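Here are the chains, one letter per residue:
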Amino acid sequence: MSLAGKHIIVGLSGGIAAYKTLSLIRLLVKNGASVKTVTTPNTLHFVTKLSLQTLSKNNVYNDVFSEVNDFSTEHISLADWADAMIVAPATANTIGKFANGIADDALSTTFLALNKPVFVAPAMNSKMYENPAVQKNLQTLIQRGIHMIEPPVGELACGDEGKGRMEEPEAIFECIAGFFLTESDSGKSFPRRRESPNDKGLTKGGNDGTDGQVDPAPTSSFHEKKILITAGPTHEAIDPVRFIGNHSSGLMGICIADEFANQGADVVLVCGPSAIASKNSAVKRIDVVSAKDMFEVCKKHFESADITVCSAAVADYAPKQIAGQKIKKKDENLVLELVKNPDILGYLGKQKTKKQILVGFALETENELQNAENKLKSKHLDMLVLNSLNDDGAGFGHQTNKISVLFANKEAKHFELKSKPNVAKDIVNEITHLYSVRAT
């Protein structure tokens, strides 16, 4: 996706993962973004100013009181210039400063001065990441509207295995690009600070100087309706390090969740491992890892759901046994015995009542329509969204999608290639029509 015309601050704090941020800067610049970098003093123990200047094509802001700064109040000027900020790596120290309003270096002062979207990619040892103080600081930032790019499980700099390594540059770039794509399609801007889901209906008054009016609740055909959505891949563990998975980013399902929430629905999003954040803070997101995890959460919420949309790319099989320790490379071949995962969509289809609507997804590579029609019938679906990997720009790893929508009455509709946020609008529109017909 082109980021032409976008101004992005890349903030780096002092961690070994800073070397990966050089690749992120290259990706941003290659795709048209103007990039300026801001660092803490310790960052420059891991990467050089020359590397940052060369890749970003701009000076590095690393000293609040430097005489070579472009402006006397550099952090204010940067805040005015930027469209967004990504902090990668974000160490425990930097996260603590952000959460508690401490501004004692170039990076933290810039963060506090900025009222634009901010993405934070934590990077630290798993023991530090799991510390209650760090977790509390992370939750504080999330509640204030910061987009958190959760660290994956993997090998850490110390050699341990655990959660805390910074997400890969490509995934961080996809998260930022997806954000701007959604923003441009909706015509809205998304400020850094956003309303918490718990703030709905609170009085605007008192210390903020307003007149005490209450925000009206959104009205639509989905107001007070519960929508259950699954999104993203599932990861089926082989050992503590490796897993079986797929290339799904979760963007399509997350866009659908946002669109329903924009129309006033009560949305529960059950999401497999994905670095992409919802744009609507009203979406109640439950993060899961495996197909079994997703199945258990769906069983809990399905009975009370008016509409369920299963867009997740759930792994069909999982290893029969998960090794307790990392499997070492010994023989030429490694044989894994796989067993079937729970059929989430099939189970929900059997449990569905006449008042509920169930929508499934199918990604096909051959005999697309026939396979989709078979799935629509066998899973007892009301509607099925079909993508084909034979269509350019559709399926996993794209910011766009091209779909066909099939209905239980054998009707089918075909749509042109569009951005995934706009595809989400088409899908929700079709569900709206289906729901209104069902209600009459």
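Scroll up to find the structure.
All figures in this text were calculated on a predicted structure; none of them were measured in a lab.

A. Quick look at the overall build of the chain. A count of helical and extended segments in the chain gives 13 helices and 22 strands. Classification of the 440 residues of the chain by burial places 50% in the buried group. Taking contacts inside the chain between residues at least 6 apart in sequence as the whole, the part at least 24 apart equals 67%.

B. Quick look at the packing of aromatic side chains. If you walk through the whole model with that rule in mind, you get six aromatic pairs. Centre to centre, the rings of Phe222 and Phe260 are 5.0 Å apart; their planes meet at 75°, and the pair counts as edge-to-face. Taken together, the residues span a long stretch of sequence, with Phe222 in the loop between α8 (169–186) and β9 (226–231) and Phe260 in helix α9 (residues 251–262) at a distance of 38 residues. Residues Phe222 and Phe260 agree in their burial class; the two are buried. Centroid distance Phe295 to Tyr347: 5.1 Å. Interplanar angle 90°. Geometry classified as edge-to-face. Taken together, the residues span a long stretch of sequence, with Phe295 in helix α10 (residues 291–302) and Tyr347 in helix α11 (residues 344–351) at a distance of 52 residues. Grouping aromatic residues by their ring pairs yields a cluster made of Phe119, Phe179 and Phe180. Cation over ring: Lys36 sits above Trp81, and NZ or CZ is 4.7 Å from the ring centre.

C. How the structure looks around the pairing of strand β4 (residues 84–90). Counting buried positions along β4 yields seven of seven residues, so the element is predominantly enclosed. Here strand β1 (residues 7–12) runs beside β4; their pairing, made up of four bridges, is parallel. By the bridge assignment, Val10 is partnered in β4 with Ile86.

D. Representation of the pairing of β1 within the structure. In terms of burial, β1 is a largely internal element, five of the six residues being buried. As paired strands, β1 and strand β2 (residues 34–39) are joined by six bridges and run parallel to one another. Across the sheet, Ile9 pairs through a bridge with Lys36, a residue of β2. In this view, the connection linking β1 to its parallel neighbour β2 by way of helix α1 (residues 18–30) has right-handed handedness.

E. Structural context of the sheet that holds strand β5 (residues 118–122). Strand order in this open sheet of six strands is β3-β2-β1-β4-β5-β6, and the pairing throughout is parallel. Among the strands making up the open sheet, the edge pair consists of β3 (60–61) and β6 (147–148). Contacting β1, β2 and β3, helix α2 (residues 49–56) runs over the sheet at an angle of about 165° to β2.

F. Region of interest: unusual backbone geometry. Backbone torsion omega between Ala88 and Pro89 reads 0°, so that peptide bond is classified as cis. Among the structural elements, Pro89 can be located in strand β4. The phi torsion at Lys57 lies on the positive side, around 65°, for a residue other than glycine. Within the secondary structure, Lys57 sits in the loop between α2 and β3.

G. The sheet that holds strand β20 (residues 404–407), seen in detail. Taken together, the eight strands give an open sheet; going across it, the order is β13-β12-β9-β14-β17-β18-β20-β21, and neighbouring strands pair in mixed fashion. This sheet does not close on itself; its edge strands, each paired only once, are β13 (284–287) and β21 (412–414). Across this sheet, the average inter-strand angle for adjacent strands is 15°, counted without regard to direction. Judged from the four bridges that link them, β9 and strand β14 (residues 307–310) form a sheet pairing that is parallel. From the neighbouring strand, Leu228 faces β14, where its bridge partner is Thr308.

H. How the structure looks around a nonpolar patch on the surface. Together, Tyr317, Leu334, Leu336 and Leu338 make up a nonpolar patch on the protein surface, roughly 370 Å² of accessible area in all. According to the relative accessible area criterion, Leu334 is exposed, its value standing at 58%.

I. The pattern of salt bridges, seen in detail. Taken as a whole, this structure holds 14 salt bridges when the rule is applied. The salt bridge partner of Asp104 is Lys97, with a shortest N-O separation of 2.7 Å. Looking at Asp104, the relative accessible area reads 53%, which means it is exposed. One salt bridge connects Asp343 with Lys379, and the closest N-O pair in it is separated by 2.6 Å. With Asp343 in the loop between β16 (338–340) and α11 and Lys379 in the loop between α12 (368–378) and β18 (383–388), this pair connects stretches of sequence that are 36 residues apart. On the basis of relative accessible area, Asp343 is assigned to the partly exposed category, the value being 41%. Owing to a relative accessible area of 19%, Lys379 belongs among the buried residues under this scheme. A network of salt bridges, in which partner residues are shared, links Lys20, Arg165 and Glu168.

J. A look at the packing of helix α4 (residues 92–100) against helix α5 (residues 106–113). Following both chains from N to C, one finds α4 and α5 inclined at 35°, their axes separated by 10 Å at the closest point. Relative to α5, α4 is oriented so that their crossing is right-handed. Contacts from Thr94, Lys97 and Phe98 of α4 reach α5 at Leu107, Ser108 and Phe111. Residue composition of the contact of α4 with α5, by class: three nonpolar, two polar and one charged.

K. View of the nonpolar core. With 36 residues, the main nonpolar core has Ile229, Ile256, Phe260, Val267, Val309, Met383 and Ile427 as its most contacted residues. The element best represented in this core is α9, accounting for eight residues. Contacts of Val267, omitting those with residues within four sequence positions, involve Ile227, Ile229, Ala257, Phe260, Ala261, Ala282, Val283 and Lys284. Within the second largest apolar cluster, 31 residues are counted, among which are Val10, Val47, Ala121 and Phe180.

The rules behind these values
- Residues numbered from 1 in each chain as written.
- Predicted model: local features only at pLDDT ≥ 70, side-chain atom pairs only at ≥ 80, totals over all residues.
- Heavy atoms only, no water.
- Helix = DSSP H or I, 4+ residues; strand = E, 2+ residues; numbered from the N terminus.
- Buried < 20%, exposed > 50% of the residue type's maximum accessible area, 1.4 Å probe, protein only.
- Contact = heavy atoms within 4.5 Å.
- Phe/Tyr/Trp six-rings, centres within 6.5 Å; stacked < 30°, edge-to-face > 60°.
- Lys NZ or Arg CZ within 6 Å of the ring centre and 35° of its normal.
- Pairing = 2+ DSSP bridges.
- Right-handed = clockwise from strand over helix to strand, strands pointing away.
- Axes fitted to C-alpha atoms, helices over the stretch in contact; angles between N-to-C directions.
- Patch = residues over 30% accessible without salt bridge, like charges linked within 9 Å, V, L, I, M, F, W, Y side chains within 5 Å.
- Areas by Shrake-Rupley, 256 points an atom, 1.4 Å probe, with all protein chains shown as cover.
- Salt bridge = Lys/Arg side-chain N within 4 Å of Asp/Glu carboxyl O.
- Left-handed = near helix turned anticlockwise from the far one by under 90°.
- Nonpolar A, V, L, I, M, F, W, Y, C, P; charged D, E, K, R; others polar.
- Core = buried A, V, L, I, M, F, W, Y, C linked by side-chain atoms within 4.5 Å.

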